[in-house]
Amino acid sequence: MGMNVGSESTTEDEGIVDINTTPLIDVMLVLLIMLIITIPLQTQAVSIDLPQGNPPPSTEETPVVTLVVDFDNSLTWNGQPINGEADLQAHLREIASGPEASRPEFHLQPNRLADYKTVVHVMADAQRLGVTKLGIVGQEQFADGK
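Because the structure is a prediction, the values reported are computed rather than measured. Residue indices follow the written sequence of each chain, beginning from 1 at its first position. Given that this is a predicted model, residues contribute local features only at a pLDDT of at least 70 and side-chain atom pairs are listed and counted only at 80 or more, while totals for whole chains, interfaces and linings are drawn from all residues. Derived side-chain values reflect all non-hydrogen atoms in the structure, with water molecules and hydrogen atoms excluded from consideration.

## Considerations on the overall build of the protein
Inference 1: Check the secondary structure of the protein and you find four helices and five strands.
Inference 2: Relative accessibility thresholds used throughout: buried, under 20% of the residue-type maximum; exposed, over 50%; partly exposed, between the two (1.4 Å probe, protein chains only). Going through the 146 residues of the protein one by one, you find that 18% of them count as buried.
Inference 3: Contacts between residues were defined by any pair of non-hydrogen atoms, one from each residue, lying within 4.5 Å. Summarising the internal contacts of the protein: among those between residues at least 6 apart in sequence, 69% fall at separations of at least 24. Secondary structure elements are defined from DSSP: runs of H or I of at least 4 residues count as helices, runs of E of at least 2 residues count as strands, and each element is numbered from the N terminus.

What follows is the structure, given as structure tokens:
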């Protein structure tokens, strides 16, 4: 059995080409320990008392107010024409006043040819004056491409 202690050649020593797996094994062991520690925390249950059954239907019917923005940007409030900004704001203040539960729903029905500016102006006025139950209806005209 012989051992080479030195090299008789004048070339440089070759580097070690094996991958050092010690750091990789250390990282994997740390990750395994963290996984083992966190698993019992994830299996703990939180008890919540959920309501049973269906709630009874509401006996009160919420009134609905419809504002239509026509193709020529004219406004009609439940079929009655609105004459100017002051008239619109008075109607919006009327439905925004009173207790929250008894306020009517405000349905905005824009025509697809109406200006975006007019529709957004009505929505901004409604929000500023405190209308909370706002819905945009009549969207099927935009989906059909009529």
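Okay, back to it.
## Points about the side chain of Arg 103
Inference 1: One can find Arg 103 in the loop between helix 2 (85-96) and strand 4 (105-110).
Inference 2: Within the structure, the side chain of Arg 103 is placed 3.2 Å from the backbone oxygen of Gly 130, a separation counted as a polar contact. By the criterion applied in these results, polar contacts are pairs of N or O atoms within 3.5 Å in which, for protein atoms, one can donate a hydrogen and the other can accept it, and in which residues neighboring in sequence qualify only through two side-chain atoms.

## Observations concerning the nonpolar core
Inference 1: What is meant by a nonpolar core is a set of buried Ala, Val, Leu, Ile, Met, Phe, Trp, Tyr and Cys residues, joined one to another through side-chain atoms within 4.5 Å. Judged by nonpolar contacts, the single largest core of 18 residues is most densely connected at Leu 67, Trp 77, Leu 92 and Phe 106.
Inference 2: Put simply, the parts of the chain that give this core at least two residues each are strand 1 (64-69), strand 2 (75-77), helix 2, strand 4 and helix 3 (116-129).
Inference 3: Not counting the four nearest positions on each side in its chain, Phe 106 is found in contact with Val 65, Leu 67, Trp 77, Leu 92, Ile 95, Val 122, Ala 126, Val 131, Lys 133, Leu 134 and Gly 135.

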